[in-house]
Amino acid sequence: MKLASTPTSPGARILAVGEHRPTRIVTNAEICEQIDSTDEWIRERSGIITRRIAAPDESVVDMATSAASKALAASGVPATDIDLVLLATCTHPYQTPGGSSEVQDRLGAANAGAMDINAACAGFAYALSLANDAIRAGSARNVVVIGSEKMSDFIDPRDRGMAFLFGDGAGAAVVSASPTTGIGPVVWGSDGSHIMTITQEPTYTQVQHALATGESLPPVALKMAGQTVFRWAVTKMLPVARRALELAGVAPSELGAFIPHQANMRIVESLVKSLKLPDTVAIARDMETQGNTSSASIPLALSTLLARGEVESGQPALLIGFGAGLTYAAQVIEVP
Amino acid sequence: MALSQQEILAGLAEIVNEVAGIPASDVQMDKSFTDDLDVDSLSMVEVVVAAEEKFGVRIPDDDVKNLKTVGDAVTYIEKAGVTA
């Protein structure tokens, strides 16, 4: 017998985005109360001036739901028409269940499937590509894609190299079937030989062992070999970005915006220079006031550019996410 | 043909100028990257990446931390170039 299939779609596009930025603004001076550093040093190394930190009772799921609700409202798509909720996160505090099911329930997306995706800071770009594929293949018509992170739960405030880098927040996009291509081909990859360059320690099993034996452990926190990651980002992400442009058939000069993961201003400036982007291309520099929000950084930065009118609807924008794994993913999108 | 120390120094000075905006004439063999030239750790990575490209050598992360002075880097590139 032959199995039937659902209708495919020629393309998918982002209809709308939504954001959630925690209200508390933390300055470099406040960070420096716990580390031996200065505002000037932090600005020079990272470009970060302030970051948003979530309240103790403000969770990854809360922030994801808030951002997704705003994106849904802006898109005009009823919650019950959502077929899939994809939550990119690496800071949801539960191993099981993932955060996406609770987001699905709170959104009233009664007809949607849900799953979490952990590709660290590349998570949103991965999830966006999977949403595009699900729609084109006919597995979904409308997908909510979210990046939500509470980095502050996983950062040691006394780690001089890490404490100032991160922030909390969420960004979301509603992706729907479209007669044209609004999300270009993805370029993704991984270099697992570098798993230890960004990693959380101690592990869950080490914590369990310590609880059972009374052994003392340092607090669970992210560790990063900063210079190694910086070098990887400024050298290896350049061909990835170029390839994503090539596959989408977009010249650098045709871009409306460049929205790389907001890890560090110096990485962004290096990529802008190497890609030879003209002044007409809006460059996302959201880390200045947001810090590195991992999988939330790209949708938050897109939201900022749209709110400031720095990029117009219909223009192509290059997204590139990269981070722990090491993983990366890049694609050109049509700005909603 | 292998480059002379002077040629490597001149090329390196150009890179340091490009990356960190330090006058090329300040980039001398006895100068410390961090203490004298104010090249921070991330700029140092950018200098190394550019030097790898320019001189066709490989400078692994583990070796970068040993390059304290401009002279260290010039000697490293000279030797790496010979064995490359």
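What counts as what
- Residues take numbers from 1 onward in each chain, read along the sequence in its written order.
- Just so you know, chain letters begin at A and ligand numbers begin at 1, following the order they were written in.
- Side-chain atom pairs in this predicted model are given and counted only at pLDDT of 80 or more, local residue features only at pLDDT of at least 70, and totals for whole chains, interfaces and linings cover all residues.
- Computation of side-chain values covers all heavy atoms of the structure but excludes hydrogens and water.
- Here, two residues are considered to be in contact whenever any of their heavy atoms come within 4.5 Å of each other.
- Accessible area that two parts lose when put together, evaluated with a 1.4 Å probe and summed over both, is termed the buried area.
- Here, a salt bridge means any side-chain nitrogen of Lys or Arg that lies within 4 Å of a carboxyl oxygen of Asp or Glu.
- Within 3.5 Å is the distance limit for a polar contact, defined as a pair of N or O atoms, with the added protein rule that one can donate a hydrogen and the other accept it, and that residues adjacent in sequence qualify only through two side-chain atoms.
- Under the scheme used here, helices are H or I runs from DSSP no shorter than 4 residues and strands are E runs no shorter than 2 residues, and both carry numbers assigned from the N terminus.
- Three residue categories are used. Nonpolar comprises Ala, Val, Leu, Ile, Met, Phe, Trp, Tyr, Cys and Pro, charged comprises Asp, Glu, Lys and Arg, and polar comprises the others, including Gly.
- Exposure above 30% relative accessible area and no salt bridge define the residues that can form patches, which grow by joining like charges within 9 Å and nonpolar side chains of Val, Leu, Ile, Met, Phe, Trp and Tyr within 5 Å.
- Residue-level accessible areas treat just the shown protein chains as cover; the underlying method is Shrake-Rupley with a 1.4 Å probe.
- Exposure classes here rest on a 1.4 Å probe applied to the protein chains alone. A residue is buried below 20% of its type maximum, exposed above 50%, and partly exposed in between.
- A pair of Phe, Tyr and Trp rings is counted when the ring centres sit within 6.5 Å of each other, with Trp represented by its six-membered ring. The angle between the planes then sorts it: under 30 degrees is stacked, over 60 is edge-to-face, the rest tilted.
- Sitting over a ring, as applied to charges here, requires NZ of Lys or CZ of Arg to be within 6 Å of the ring centre and within 35 degrees of the ring normal.
- The way it works is a 1 Å grid over only the protein atoms, where trapped points that fit a 1.4 Å probe form a cavity and open points with protein on both sides within 12 Å along at least five of seven lines form a pocket, and then any residue with an atom within 4 Å of a point lines it.
- Grid points are joined across faces, edges and corners, and a volume is the space filled by probe spheres set on the points.
- Only buried residues count toward a nonpolar core. Its members are Ala, Val, Leu, Ile, Met, Phe, Trp, Tyr and Cys residues joined through side-chain atoms within 4.5 Å.
- Domain ranges listed in this record stem from an automatic or a database domain assignment.
- Lines fitted to the C-alpha atoms define the axes, with helices restricted to the stretch that makes contact. Angles between their N-to-C directions range from 0 to 180 degrees.
- Any angle from 65 to 115 degrees is called roughly perpendicular, while one under 35 is roughly parallel, one over 145 is roughly antiparallel, and all others are oblique.
- Each helix crossing is assigned a hand: it is left-handed if the near helix lies turned anticlockwise from the far helix by less than a right angle, otherwise right-handed if that turn is clockwise.

(A) A look at the interface of chain B and chain A. On the side of chain A, 10 residues touch chain B, which itself brings 15 residues to the contact. Of the roughly 1100 Å² buried between chain B and chain A on both sides combined, carbon and sulfur atoms contribute 52%. Area buried by chain B at its contact with chain A is led by Leu 42, Val 45 and Asp 61 of chain B, which between them contribute 45% of it. The tally of links between chain B and chain A comes to five salt bridges. One salt bridge in this structure joins Asp 40 of chain B and Arg 45 of chain A, with 3.5 Å as the shortest N-O distance. One can count eight residue pairs in polar contact (both at pLDDT 80 or more) joining chain B with chain A. Looking at the side of chain B that touches chain A, the elements that each hand over two or more residues are α2 (41–55) and α3 (61–64) of chain B. Here the side of chain B that touches chain A gets eight residues from one element, more than from any other, and that element is α2 of chain B. Of the residues in the side of chain B that touches chain A, the class split is seven nonpolar, two polar and six charged.

(B) The arrangement of a nonpolar patch on the surface in detail. Residues and elements named next belong to chain A. On the surface, a cluster of nonpolar side chains totalling about 260 Å² of accessible area is made up of Met 115, Leu 130 and Trp 188. In this fold, Trp 188 is placed in strand β8 (residues 187–190). When its relative accessible area of 39% is taken as the criterion, Trp 188 is described as partly exposed.

(C) Spatial organisation of the packing of aromatic side chains. All names here are of chain A. If you walk through the whole model with that rule in mind, you get four aromatic pairs over all chains. Taken together, a centroid distance of 5.7 Å and an interplanar angle of 90° make the contact between Trp 41 and Phe 164 edge-to-face. You can see Trp 41 sitting in helix α2 (residues 39–46) and its partner Phe 164 sitting in the loop between β6 (142–150) and β7 (168–178), a full 123 residues away along the chain. Relative to Tyr 328, the ring of Trp 232 lies with its centre 6.3 Å away and its plane at 50°, an arrangement referred to as tilted. In this pair, Trp 232 is assigned in helix α7 (residues 226–248) and Tyr 328 in strand β14 (residues 327–334), connecting sequence segments 96 residues apart. The class of Tyr 328 is buried, set by a relative accessible area of 18%. Through a chain of ring-to-ring contacts, three or more aromatic side chains come together here, namely Trp 232, Phe 322 and Tyr 328. Over the aromatic face of Trp 41 sits the side chain of Arg 160, whose NZ or CZ is 4.9 Å from the ring centroid.

(D) Seen up close, the pattern of salt bridges. Inspection of every chain in the model, using the stated rule, returns 19 salt bridges over all chains. Among the ionic pairs, Arg 231 of chain A bridges to Glu 52 of chain B, the shortest N-O distance being 2.5 Å. Residue Arg 231 of chain A is found in helix α7, and its partner Glu 52 of chain B is found in helix α2; the two belong to separate chains. Residue classification places Arg 231 of chain A among the buried positions, given a relative accessible area of 8%. For Glu 52 of chain B, a relative accessible area of 15% translates into the label buried. Ionic pairing is found between Asp 61 of chain B and Arg 231 of chain A, a salt bridge with its closest N-O pair at 3.1 Å. Taken together, the residues Asp 61 of chain B in helix α3 and Arg 231 of chain A in helix α7 connect one chain to another. Sharing partners across several salt bridges, the network here consists of Glu 44, Arg 45 and Arg 266 of chain A together with Asp 40 of chain B.

(E) Broad picture of the layout of surface pockets. Quantified by volume, the second largest pocket comes out at close to 600 Å³. Around the second largest pocket, the lining is made up of 16 residues, and of these Lys 273 and Ser 274 of chain A together with Val 49, Ala 50 and Glu 53 of chain B lie nearest the centre. Elements with a contribution of two residues or more to the lining of the second largest pocket: α7 and α8 (265–274) of chain A together with α1 (5–20) and α2 of chain B. Taken together, the residues of the lining of the second largest pocket sort by class into six nonpolar, three polar and seven charged.

(F) Looking closely at the environment of Leu 165 of chain A. Here Leu 165 of chain A is to be found in the loop between β6 and β7. Look past the residues within four positions of Leu 165 of chain A in its chain and what remains in contact with it is Ser 46, Ile 48, Met 224, Ala 263, Gly 291 and Asn 292 of chain A.

(G) Structural detail: the nonpolar core. Ranked by internal contacts, the top residues of the largest apolar core, which has 53 residues, are Met 237, Phe 258, Ile 267, Leu 277, Leu 318, Ile 320 and Phe 322 of chain A. Where this core is concerned, the elements lending two or more residues are α7, α8, β13 (316–323) and β14 of chain A together with α2 of chain B. In terms of residue count, α7 of chain A provides more of this core than any other element does, 11 residues in total. Summarising the domain contributions, this core has at least three residues from each of domain 1 (11–178) and domain 2 (187–193 + 223–334) of chain A. When residues no more than four places from it in sequence are discounted, the contact partners of Phe 258 of chain A are Leu 271, Val 272, Leu 275, Leu 277, Val 281, Ala 282, Ile 283, Ala 284, Leu 318 and Ile 320 of chain A. With 32 residues, the next largest nonpolar core counts Ala 131, Val 143, Val 145 and Ala 301 of chain A among its residues.

(H) Seen up close, the packing of helix α3 (residues 60–75) of chain A against helix α4 (residues 100–107) of chain A. All names here are of chain A. α4 packs onto α3 with a crossing angle of 45° between their chain directions and a minimal axis gap of 9 Å. Here α4 runs oblique to α3, going by the angle between their axes. Between α3 and α4 the crossing geometry is right-handed. Contacts between α3 and α4 involve Val 61, Asp 62, Ala 64, Thr 65, Ala 68, Ser 69 and Leu 72 from the first element and Glu 102, Val 103, Arg 106 and Leu 107 from the second. Each residue belonging to the contact of α3 with α4 can be placed in one class, and the counts come to six nonpolar, two polar and three charged.

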